[in-house]
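One-letter residues, chain by chain:
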Amino acid sequence: MDTTQAVILKPERDKSLRNFHPWVFLGAVEKFPEFENGDILGVLNADKQFLGYGYFNQGKSIVGRMISFHDGDPKQIIIDNIKGAIALRKTVVPEDTTAYRLINGEADNLPGLIVDVYADVLVLQANTLGIEKLKPLILETLSNTIKPKAIYEKSTSPTRRSEGLEDVEGWITSEVPQPVEILEHGLKFSVSFAGSQKTGMFLDQREMRQLVKNYSKDRTVLNCFSYSGGFSVYALAGGAIQADSVDSDKDAIATAKDNLLLNGFDASKNGLYTADVMAFLAQNKLPADYDFIILDPPAFAKRASDIKNASRGYRDLNRLAMQKLPKGGLLLTSSCSSHIDRELFQTIIFQAAKDAKRNIKILSYHVLAADHPVNLFFPEGDYLKSLLLYVE
Ligand code: SAH
């Protein structure tokens, strides 16, 4: 590599890169070469040993994000990382499933890049300046390897704005009509990219949806924070008597209705409520006697400083749900806040159970779907945790 184009770290500040953690903090850098923000640079420790390549943006406290810990042509490294991500999905994406995460940022050694597959369409999210600059190469590689019918860009994240980039949303290639129909474990879902949350669906919960299917026979299910009704469709496919959906996003509830119909379920027998979940659960009399409640709220802790308030929020929410369940009821509860780790989440659930005065058993512990792998060297990526609980 060209050592004149390298970032040099301060003495003793190479430990995290030696542990293959992909972030370089500004405080660890002794000297930058001349470069333009977003460029890929080599990284050397104070003894001038080569540690890897990353792209850098001087305006940020996470000043660099690594794309490799070995030498080589950076362009080829990006191509190889994309191919590696594709190979992993060939192993983990289930049958009869046409929507999945193809590239998951740091987990695939491509920090700042998300690419999701929705049947013939790819949805791309570029969250950093480094990825923005690499976009032509990424698009060319994706077009050559995956050969999608169309690519939609949904680069609208707060991280992107903090990198000084404007939001970008729309078709990169020629358009295909929306919504598109995808399959998940053989079930059908309608997905629009424009105006949707995330890239269109919450793909990270796919395995939880399958779990719900397996536990739903003869149950009356309440799907809280339902988004487009994923858990409700699976519950009905698993033999639920009824599955009601509650979400504050009215477009999501409209899509939930479409998704019930697409799979041949009666939308008039399964409640669809545009409502705040806390207010819904606080009603004296719920619309049905639910014996399976699903709680999949948005991240309550967006920053470390939110942990205390977020814990209170999860505790109150779970208490309410526990109080509403009969003896023998099931509760699937999740948190997607990376700042609330597994141990803290279980403590919060313990406190909620105490408040609710219910005897609770943990049936199983759950993680992100396997197409959202967790890089062992980047535990921050392990944001989603779920518990399946039995209420006595
Ligand atoms: N379980 C869903 C994903 C849920 S994401 C799935 O499998 O697809 C979280 C959802 O919570 C979003 O759809 C968002 O619109 C909704 N939401 C956020 N705050 C809410 C509130 N206070 N009450 C109801 N829904 C809320």
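Just so it is clear, the structure is predicted and the values come from calculations on it, not from any experiment.

Engineer: Explain the overall build of the chain here, please?
Structural biologist: Secondary structure summary: the chain contains ten helices and 20 strands in total. Its C-alpha atoms give the chain a radius of gyration of 23 Å, within 12% of the compact-globule value 21 Å for 392 residues. Per-residue burial over the chain gives 55% buried out of 392 residues. A separation of at least 24 residues holds for 62% of the contacts in the chain among residues at least 6 apart in sequence. Total accessible area on the chain stands at roughly 17,200 Å², and carbon and sulfur atoms take up 51% of it. For the chain, the distance from the average position of its 45 positive side-chain charges to the average position of its 49 negative side-chain charges is 6 Å.

Engineer: Quick question: what am I supposed to make of the nonpolar core here?
Structural biologist: Membership of the largest hydrophobic core comes to 34 residues, with the highest contact counts inside it found for Tyr118, Val180, Ile182, Phe193, Phe292 and Leu332. Breaking this core down by element, the ones donating at least two residues are β9 (121-126), β10 (150-155), β12 (180-184), β13 (187-191), α5 (206-215), α6 (230-237), β17 (292-295) and β18 (329-335). At five residues, the largest contribution of residues to this core is made by α6. Setting aside chain neighbours within four positions, we find leucine 332 in contact with Met208, Leu211, Val212, Phe231, Phe292, Ile293, Ile294, Leu295, Ser386, Leu387 and Leu388. Judged by nonpolar contacts, the second largest core, of 32 residues, contains Tyr314, Ala321, Leu325 and Val391.

Engineer: Hey, could you run me through the side chain of asparagine 81 in this one?
Structural biologist: On the secondary structure map, asparagine 81 appears in helix α2 (residues 74-92). What asparagine 81 contacts, discounting residues up to four positions off in sequence, is Ile67, Asp108, Asn109 and Leu110.

Engineer: I tried to follow the packing of aromatic side chains on my own but got confused; where do I start?
Structural biologist: By convention here, two paired aromatic rings are described through the distance between centres and the angle between planes. Evaluation of the coordinates by the stated rule reveals 16 aromatic pairs. For the pair phenylalanine 32 and phenylalanine 56, a centre-to-centre distance of 6.3 Å together with 75 degrees between the ring planes defines the contact as edge-to-face. Of the two residues, phenylalanine 32 is situated in the loop between β3 (29-31) and β4 (40-44) and phenylalanine 56 in strand β5 (residues 50-56); the sequence distance between them amounts to 24 residues. Put simply, the rings of Tyr118, Tyr152, Trp171 and Phe193 pair up and form one aromatic cluster.

Engineer: Looking at this structure, how should I read the site of the ligand?
Structural biologist: The environment of the ligand is formed by 15 residues, the closest being Gln197, Arg209, Asp247, Asp276 and Asp296. One nitrogen or oxygen atom from the side chain of glutamine 197 is found 2.9 Å from an oxygen atom belonging to the ligand. Within the side chain of aspartate 247, a nitrogen or oxygen atom sits 2.7 Å from an oxygen atom of the ligand. Coverage of the ligand by the protein amounts to 87% of the 590 Å² it exposes when considered alone. In terms of residue class, the shell around the ligand is made up of seven nonpolar, three polar and five charged.

Engineer: Would you explain the sheet that holds strand β8 (residues 113-118) in this entry?
Structural biologist: Adjacent strands of a sheet form backbone hydrogen bonds with each other and so pair up, either parallel or antiparallel. Taken in spatial order, the five strands line up as β7-β8-β9-β10-β11 in an open sheet, and their pairing is mixed. Single-partner strands in this sheet number two, and they are β7 (99-104) and β11 (168-171). Strand-to-strand twist across the sheet, computed as the mean angle between neighbouring axes with direction ignored, equals 20 degrees. As judged from the four bridges shared by β10 and β11, these two strands associate in the antiparallel manner. Bridge assignment links glutamate 153 to a residue of β11, and that residue is glycine 170. Set on the sheet, helix α3 (residues 129-145) makes contact with β7, β8, β9 and β10; between it and β9 the angle comes to about 160 degrees.

Engineer: What exactly am I supposed to notice about unusual backbone geometry here?
Structural biologist: A negative phi holds for most residues other than glycine; trans holds for most peptide bonds. Here the amide bond leading from glutamine 178 into proline 179 is cis, since omega sits at -5 degrees, within 30 degrees of zero. Topologically, proline 179 is positioned in the loop between β11 and β12. Non-glycine residue alanine 119 carries a positive phi angle of around 55 degrees. Along the chain, alanine 119 turns up in the loop between β8 and β9. Although it is not a glycine, histidine 185 adopts a positive phi angle of roughly 50 degrees. With respect to the helices, strands and loops of the structure, histidine 185 is situated in the loop between β12 and β13.

Engineer: Can you help me understand the pairing of β13 in this one?
Structural biologist: Consecutive residues of a regular strand have side chains that alternate between opposite faces of the sheet. Judged by how many residues are buried, β13 sits mostly within the fold: four of five residues are covered. In terms of strand pairing, β12 meets β13 through five bridges, oriented antiparallel. Each bridged residue has a counterpart across the sheet, and for valine 180 the counterpart in β13 is valine 191. What sits between β12 and β13 in their antiparallel hairpin is a turn of two residues, with histidine 185 showing a positive phi close to 50 degrees.

Engineer: I keep staring at the packing of α5 against α6 and nothing clicks. Help me out?
Structural biologist: What describes two packed helices is the angle between their axes and the distance between those same axes. Taken N-terminus to C-terminus, the directions of α5 and α6 make an angle of 35 degrees; their axes are 7 Å apart at the nearest point. When you trace α5 past α6, the crossing you get is right-handed. Across the interface between the two elements, Arg206, Met208, Arg209, Gln210, Val212 and Lys213 from α5 touch Gly230, Phe231, Tyr234, Ala235 and Ala237 from α6.

The rules behind the values
Residues numbered from 1 in each chain as written. Predicted model: local features only at pLDDT ≥ 70, side-chain atom pairs only at ≥ 80, totals over all residues. Heavy atoms only, no water. Helix = DSSP H or I, 4+ residues; strand = E, 2+ residues; numbered from the N terminus. Rg over C-alpha atoms; globule rule 2.2 N^0.38 Å. Buried < 20%, exposed > 50% of the residue type's maximum accessible area, 1.4 Å probe, protein only. Contact = heavy atoms within 4.5 Å. Areas by Shrake-Rupley, 256 points an atom, 1.4 Å probe, with all protein chains shown as cover. Lys, Arg positive; Asp, Glu negative; His and termini not counted. Charge placed at Lys NZ, Arg CZ, Asp CG, Glu CD. Core = buried A, V, L, I, M, F, W, Y, C linked by side-chain atoms within 4.5 Å. Phe/Tyr/Trp six-rings, centres within 6.5 Å; stacked < 30°, edge-to-face > 60°. Near = heavy atom within 4 Å. Polar contact = N/O pair within 3.5 Å; in protein donor to acceptor, adjacent residues only side chain to side chain. Nonpolar A, V, L, I, M, F, W, Y, C, P; charged D, E, K, R; others polar. Pairing = 2+ DSSP bridges. Axes fitted to C-alpha atoms, helices over the stretch in contact; angles between N-to-C directions. Left-handed = near helix turned anticlockwise from the far one by under 90°.

This is a description of form; function is not addressed.
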